[in-house]
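Structure assessment
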Amino acid sequence: MTKILLLSDSHSYIDDRILDYAKQADEIWHCGDFGSFEIIEQLEKIKPLKGVYGNIDGAKIRSEFPEVTRFLCEGTEVLMIHIGGYPGKYTPLAEKEISEKAPKLFISGHSHILKAMYDQKNNLLHLNPGACGKQGWHKMRTMMRFVIDGEEIKDLEIIELGTKI
């Protein structure tokens, strides 16, 4: 059983509340737009970090994280892309990756819109944790946590971190 904290769009912002949740997880996954390498360093001090770069991330972050990542967590295949869209509205890159080999879990960020949707056509769960940072048009800062137990994704929790003001 692996406890995951799922973040996206921190845009160079992190606070003690996010770090407290990170300490409770086994792994931290970040869907891009870290904003600064200091965010990465802070998270890596706490727990193992997986992620992808986002459209605002510079060369240093892009040298450390890929645009697309695929990995196994226990028995669950995960695909992560910062700009990926969602079921019925995937980006061309996400559509290509999913059509080549559909994962069980597809994660994206970028939109700052929290979504948890099941894609029946591709038999996968899509998650977008919204944005945990203060930059962007969203009003509520959000993230997610969940558990992967073998091939089962369970105990999904939406965490509201408060308004971005």
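From a predicted model like this one, the values you see are computed outputs, not experimental measurements. (Residues numbered from 1 in each chain as written. Predicted model: local features only at pLDDT ≥ 70, side-chain atom pairs only at ≥ 80, totals over all residues. Heavy atoms only, no water.)

**Some remarks on the side chain of D33**
- Summarising the element assignment, D33 is placed in the loop between β2 (27–30) and α2 (37–46).
- The charged side chain of D33 is buried without a salt bridge, its nearest counter-charge being R62 at 6.7 Å.
- Polar contacts involving the side chain of D33 include one to the main-chain amide nitrogen of I56, which spans 2.9 Å.
- Among residues more than four places away in sequence, those in contact with D33 are D9, S10, H11, Y53, G54, N55, I56, D57 and H82. (Helix = DSSP H or I, 4+ residues; strand = E, 2+ residues; numbered from the N terminus. Buried < 20%, exposed > 50% of the residue type's maximum accessible area, 1.4 Å probe, protein only. Lys, Arg positive; Asp, Glu negative; His and termini not counted. Salt bridge = Lys/Arg side-chain N within 4 Å of Asp/Glu carboxyl O. Polar contact = N/O pair within 3.5 Å; in protein donor to acceptor, adjacent residues only side chain to side chain. Contact = heavy atoms within 4.5 Å.)

**With respect to the pairing of strand β5 (residues 76–81)**
- Counting buried residues in β5 gives 6 out of 6 residues, a clear majority hidden from the surface.
- With burial as the criterion, each face of β5 is covered, one bearing T76, V78 and M80 and the other bearing E77, L79 and I81.
- Bridging between strand β4 (residues 68–73) and β5 involves 6 bridges; their strand directions are antiparallel. For L72, the partnering residue across the bridge sits in β5 and is E77.
- Hairpin connection between β4 and β5: a loop of 2 residues separates the two successive antiparallel strands, and E74 in this loop has a positive phi of roughly 55°. (Pairing = 2+ DSSP bridges.)

**Examining unusual backbone geometry**
- Phi is positive for D33, close to 60°, though the residue is something other than glycine.
- Looking at D33, the relative accessible area reads 2%, which means it is buried.
- The backbone phi angle of N123 is positive, close to 55°, even though this residue is not glycine.
- Following the sequence through the fold, N123 ends up in the loop between β7 (114–119) and β8 (124–129).
- According to the relative accessible area criterion, N123 is exposed, its value standing at 53%.

**What about the UniProt feature "domain: Calcineurin-like phosphoesterase" (unreviewed entry) in the chain?**
- Feature annotation in UniProt assigns "domain: Calcineurin-like phosphoesterase" (unreviewed entry) to the following positions: residues 3–149.
- Secondary structure content for residues 3–149 is 23% helix and 34% strand, and the end C-alpha separation is 9 Å. (UniProt positions renumbered as here; feature names shortened; annotations may be inferred.)

**Regarding the packing of aromatic side chains**
- Applying the stated criterion to the full structure yields 4 aromatic pairs.
- Their ring planes at 80° and their centres at 5.0 Å tell us that W29 and F71 sit as a pair that is edge-to-face. Separated by 42 residues along the polypeptide, W29 in strand β2 and F71 in strand β4 bring together distant segments of the chain.
- Taking relative accessible area as the criterion, W29 reaches 0% and is therefore assigned buried. (Phe/Tyr/Trp six-rings, centres within 6.5 Å; stacked < 30°, edge-to-face > 60°.)

**Things to note about the environment of A59**
- With respect to the helices and strands, A59 occurs in helix α3 (residues 59–64).
- For A59 and A94, which are 35 residues apart along the polypeptide, the C-alpha to C-alpha distance reads 22 Å.

**Re helix α4 (residues 92–100)**
- Taken together, the buried positions of α4 are A94, E97 and I98. The buried residues of α4 occupy one face: seen down the axis, they fall within an arc of 95°. Set apart from the buried face of α4 by more than 90 degrees, the exposed residues are P92, S99 and E100.
- Elements that come into contact with the buried residues of α4 comprise β4, β5, β6 (105–108) and β8. (Arc of directions from axis to C-beta.)

**Observations concerning the pattern of salt bridges**
- The tally for this structure, following the rule as stated, stands at 10 salt bridges.
- Two residues, R70 and E97, come together in a salt bridge whose shortest N-O distance is 3.4 Å. Residue R70 is located in strand β4, and its partner E97 is located in helix α4; the two are separated by 27 residues in the primary sequence.
- Given the relative accessible area of 29%, R70 is considered partly exposed.
- Of the residues examined, E97 reaches a relative accessible area of 13% and is grouped as buried.

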